[in-house]
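# Secondary and tertiary structure notes
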Amino acid sequence: MPGNVATGMSRRGVLRRTGLALAGVSAASQTARSGSASAAESDAPPSMLEQGAPVTDNPYGVPSVFEKAVVRIPGGKPPFPTAAHMLTPLQDMHGIITPNGLHYVRDHGGTPAIDPDRHRLLVHGMVDRPLSFGMDDLMRFPSVSRVHFLECSGNTPLYKSGKPEWSVQMTHGLLSCAEWTGVRLADVLAEAGLKPGATWMLAEGADAAAMTRSIPVAKALDDAILAYAQNGERLRPEQGYPLRLFLPGYEGNTSVKWLHRLKLGDQPFQTREETSKYSSLMPDGTARQFNFTMEVKSVITQPSPGHGPRGSGFCEITGLAWSGHGRIVRVEVSTDNGATWRDAVLQDPVLSKCLTRFRLPWTWDGGAAMLQSRATDETGAVQPTRDKLLAARGANYFYHYNAITTWRMAPAGEMTLAL
Ligand SMILES: Nc1nc2c(c(=O)[nH]1)N[C@H]1C(S)=C(S)[C@@H](COP(=O)(O)O)O[C@H]1N2
Ligand SMILES: [Mo]
């Protein structure tokens, strides 16, 4: 039985620790006592031999002490400490949901502490009735819960270069997925009444960065959510407590956290975050603005750099695929740098604008390999190669990198990022 050697505990040792004497206790009576040939008959793990920790010690549960390595890590040195980002450990994630404590964080001015009883949302500008809502007012609207990914458009900064040792957490960790609960923005806007010609909406956050973005009203009326909860509990402070705008499929920056103001207008407001930042320089020298939708993308999360196989033999290849345009319909996997492809299995549920888990059984022969995944979404868009993406956008482009990622596997099993 595996474990005998590892625990180093003999049957005699178990019996001594439980206070049972070996002599005089027949195997039959031991079996009768435990109801089966379990505890005393086999090697009982130490955890069976004493009471566990009182559950009342843990009013809000935390992960096992053995999972301490599964944490967010900072992505590079921020210009100043509160303008930081923390990356989700995608290599350690299972299924599609990101636990709240591991959701990536991108703050431009730190995480404010906002009392929900004092928080207000102002809706004004080109509306019939300017309104100010408290959290209680907002929570009286019908609620919706939807599972969606959130990705920073600065995720996967590989246009110019990348380091071979970068893990999937470093290259793709500005990506998470949660069940978001809130109210439909369309319902709240209907309460204020949109004036004819109101086609743009300014969203402003109540943080020190005063994050402001212009959003097309068409998106606001389509599937935008004023979210107050995340995976069954109220938003984490880092995710915008007590209220954030959530725009499914749009670049993360537009999902304004700590939302306190919506202003309706008839043109974009041209804020810093959509002129200087979050616009992209094209090869011809012009800048592309308002690139909202995150395009089809995927990445293999296991095996991946730092998390390679322990030896040759069976090794499942698994990863995540997503698109801001809708559902993922296909993920192909290559182990030979794109020469041949096999269809991976898409694991249920496959939802719109949501992470989709894919899997492919693979037997690693112990030789060199180049692992890639290529996703297709329901609009027919196929994830491009890096060469194709660079040819279209040039090397000065920065945001919205969605090219195929290649993990190089050395014969010893060491894995690195290949560009
Ligand atoms: N008020 C405010 N909203 C914000 C930001 C911010 O700094 N302040 N960061 C934006 C960026 S760039 C991204 S990618 C997402 C990140 O959301 P998260 O921290 O919940 O993952 O929030 C966006 N909303
Ligand atoms: Mo972002």
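Residues numbered from 1 in each chain as written. Chains lettered and ligands numbered in written order. Predicted model: local features only at pLDDT ≥ 70, side-chain atom pairs only at ≥ 80, totals over all residues. Heavy atoms only, no water.

### Describing the overall build of the chain
Just so we agree on the cut-off: Helix and strand assignments follow DSSP, with helices taken as H or I runs no shorter than four residues and strands as E runs no shorter than two, numbered in order from the N terminus. Here the term buried applies to any residue with accessible area under 20% of the maximum for its type, exposed to any over 50%, and partly exposed to those in between, with areas from a 1.4 Å probe on protein chains only. Contact between two residues is taken to exist if any of their heavy atoms lie within 4.5 Å; hydrogens are not considered. Reported accessibility uses the Shrake-Rupley method at a 1.4 Å probe radius. Residues are deemed covered only where the shown protein chains occlude them. His is not counted, nor are the chain ends; Lys and Arg add positive charge and Asp and Glu add negative charge. To locate a charge, the coordinates of NZ of Lys, CZ of Arg, CG of Asp or CD of Glu are taken.
Within the chain one finds nine helices and 26 strands. The C-alpha extent of the chain, read off along each of the three principal axes, is 90 × 55 × 40 Å. Evaluated residue by residue, the chain yields a buried proportion of 48% over its 419 residues. Sequence-distant contacts, at least 24 apart, represent 71% of the contacts inside the chain between residues at least 6 apart. Within the structure as shown, the chain displays about 19600 Å² of accessible surface, and the carbon and sulfur contribution to it stands at 55%. Considering the chain, the positive charge centre built from 42 side chains and the negative charge centre built from 39 side chains are found 3 Å apart.

### What about the pairing of strand S9 (residues 212-216)?
The test is simple: At least two bridges found by DSSP between two strands are what make those strands a pair.
Most of S9 sits inside the fold, with five of its five residues counted as buried. Going residue by residue along S9, you find Thr212, Ser214 and Pro216 tucked away on one face and Arg213 and Ile215 tucked away on the opposite face as well. What sits between the antiparallel neighbours strand S8 (residues 200-205) and S9 is a turn of six residues, in which alanine 210 has the positive phi angle 45°.

### As for the side chain of threonine 254
Within the secondary structure, threonine 254 is located in the loop between strand S12 (244-246) and strand S13 (259-265). In this view, threonine 254 contacts Arg213, Ile215, Leu245, Leu247 and Phe292; residues no more than four positions away in its chain are not counted.

### Remarks on the sheet that holds strand S3 (residues 105-106)
Read across the open sheet, the three strands follow the order S1-S2-S3; overall the sheet is antiparallel. The outermost strands of the open sheet, each flanked by one partner alone, are strand S1 (73-74) and S3. Judged from the two bridges that link them, strand S2 (residues 85-87) and S3 form a sheet pairing that is antiparallel. By the bridge assignment, histidine 85 is partnered in S3 with arginine 106.

### Observations concerning the nonpolar core
Put simply, the rule is: Residues grouped as a nonpolar core are buried Ala, Val, Leu, Ile, Met, Phe, Trp, Tyr and Cys residues, joined through side-chain atoms within 4.5 Å.
Membership of the largest hydrophobic core comes to 40 residues, with the highest contact counts inside it found for Leu355, Trp362, Leu371 and Trp407. Of all elements in the fold, only strand S7 (175-184), strand S16 (297-302), strand S18 (317-322), strand S19 (328-334), strand S22 (356-360), strand S24 (369-377), strand S25 (406-409) and strand S26 (415-418) reach the threshold of two or more residues within this core. Looking at this core element by element, the count peaks at four residues for S18. Look past the residues within four positions of leucine 371 in its chain and what remains in contact with it is Ile300, Pro303, Ile317, Ser334, Thr335, Trp362, Thr405, Thr406, Trp407, Met409 and Met415. Grouped together as the second largest cluster of nonpolar side chains are 35 residues, Phe133, Tyr228, Leu247 and Phe292 included.

### What to know about the packing of aromatic side chains
Keep this limit in mind: Paired rings are identified among Phe, Tyr and Trp, the last through its six-membered ring, by centres lying within 6.5 Å, and are further divided according to the angle between planes into stacked (under 30 degrees), edge-to-face (over 60) and tilted (the rest).
According to the stated counting rule, one finds nine aromatic pairs in the structure shown. Taking 5.5 Å as the distance between ring centres and 50° as the angle between the ring planes, the aromatic pair formed by tyrosine 159 and tyrosine 397 counts as tilted. A residue pair is termed long-range when its members are at least 10 positions apart, and tyrosine 159 in the loop between strand S6 (143-151) and helix H5 (168-172) and tyrosine 397 in the loop between helix H9 (386-393) and S25 qualify at 238 residues. In this structure, tyrosine 159 and tyrosine 397 share a single accessibility class: buried. Between the aromatic rings of phenylalanine 398 and tyrosine 399, the centroid separation amounts to 4.9 Å while the plane-to-plane angle is 80°, which identifies the pairing as edge-to-face. We classify tyrosine 399 as buried; its relative accessible area is 11%. An aromatic cluster of three or more residues is present, and its members are Trp200, Tyr250, Phe290 and Phe292.

### With respect to the sheet that holds S18
Ordered by their spatial adjacency, four strands build an open sheet running S16-S18-S22-S21, and the pairing between neighbours is antiparallel. Bordering the open sheet on either side are S16 and strand S21 (345-346), each of which pairs with just one other strand.

### Brief notes about the pattern of salt bridges
Heads up, the condition is: Salt bridge criterion: a side-chain nitrogen from Lys or Arg within 4 Å of a carboxyl oxygen from Asp or Glu.
For the structure shown, the criterion picks out 16 salt bridges. One salt bridge in this structure joins glutamate 316 and arginine 359, with 2.6 Å as the shortest N-O distance. Of this pair, glutamate 316 sits in the loop between strand S17 (313-314) and S18 while arginine 359 sits in strand S22, placing them 43 residues apart in sequence. Judged by its relative accessible area of 32%, glutamate 316 is partly exposed. It is possible to trace a salt-bridge network through shared partners that takes in Arg330, Glu332, Asp343 and Arg374.

### Description of helix H6 (residues 185-192)
Selection criterion: Here, the arc refers to the directions that run from the helix axis to the C-beta atoms.
Regarding H6, the residues found buried are Leu185, Val188, Leu189 and Ala192. Mapping the buried residues of H6 onto a view down its axis gives an arc of 100°, with all of them on the same face. Positive backbone phi, approximately 80°, marks glycine 193, located one or two places after H6.

### Observations concerning the side chain of threonine 318
This is how the line gets drawn: N or O atoms closer than or at 3.5 Å make up a polar contact, with two conditions inside protein: a donor-capable atom paired with an acceptor-capable one, and, for residues adjacent in sequence, both atoms drawn from side chains.
Mapped onto the elements of the fold, threonine 318 is located in strand S18. From its side chain, threonine 318 meets the backbone oxygen of phenylalanine 358 in a polar contact 2.8 Å long. For threonine 318, the residues in contact, after removing those within four places along its chain, are Ile300, Thr301, Gln302, Arg357, Phe358 and Arg359.

### Some points on the site of ligand 1
How we decide: When at least one non-hydrogen atom of a residue lies within 4 Å of a molecule or strand, that residue is treated as near it. In this classification, Asp, Glu, Lys and Arg are treated as charged, Ala, Val, Leu, Ile, Met, Phe, Trp, Tyr, Cys and Pro as nonpolar, and every other residue, Gly included, as polar.
In the vicinity of ligand 1 lie 21 residues, with Tyr104, His108, Asp207, Arg244 and Lys257 positioned nearest. A distance of 3.0 Å separates an oxygen atom of ligand 1 from a polar atom in the backbone of arginine 106. Here a nitrogen atom of ligand 1 and a backbone polar atom of serine 255 are 3.1 Å apart. Against a free-state accessible area of 530 Å², the protein chains account for coverage of 100% of ligand 1. When its residues are assigned to classes, the shell around ligand 1 shows eight nonpolar, seven polar and six charged.

### Quick word on the confidence of the model for the chain
The cut-off we apply is this: What pLDDT reports is the predictor's confidence in each residue, on a scale of 0 through 100.
Considering every residue of the chain, the mean pLDDT works out to 91; 90% of them sit at 70 or more. Mean pLDDT in the chain bottoms out at helix H1 (residues 4-7), which sits at 35, and peaks at S22, which reaches 99. In the model, residues 1-35 has pLDDT below 50 throughout and makes 32 contacts with residues more than four positions away in sequence or in other chains.

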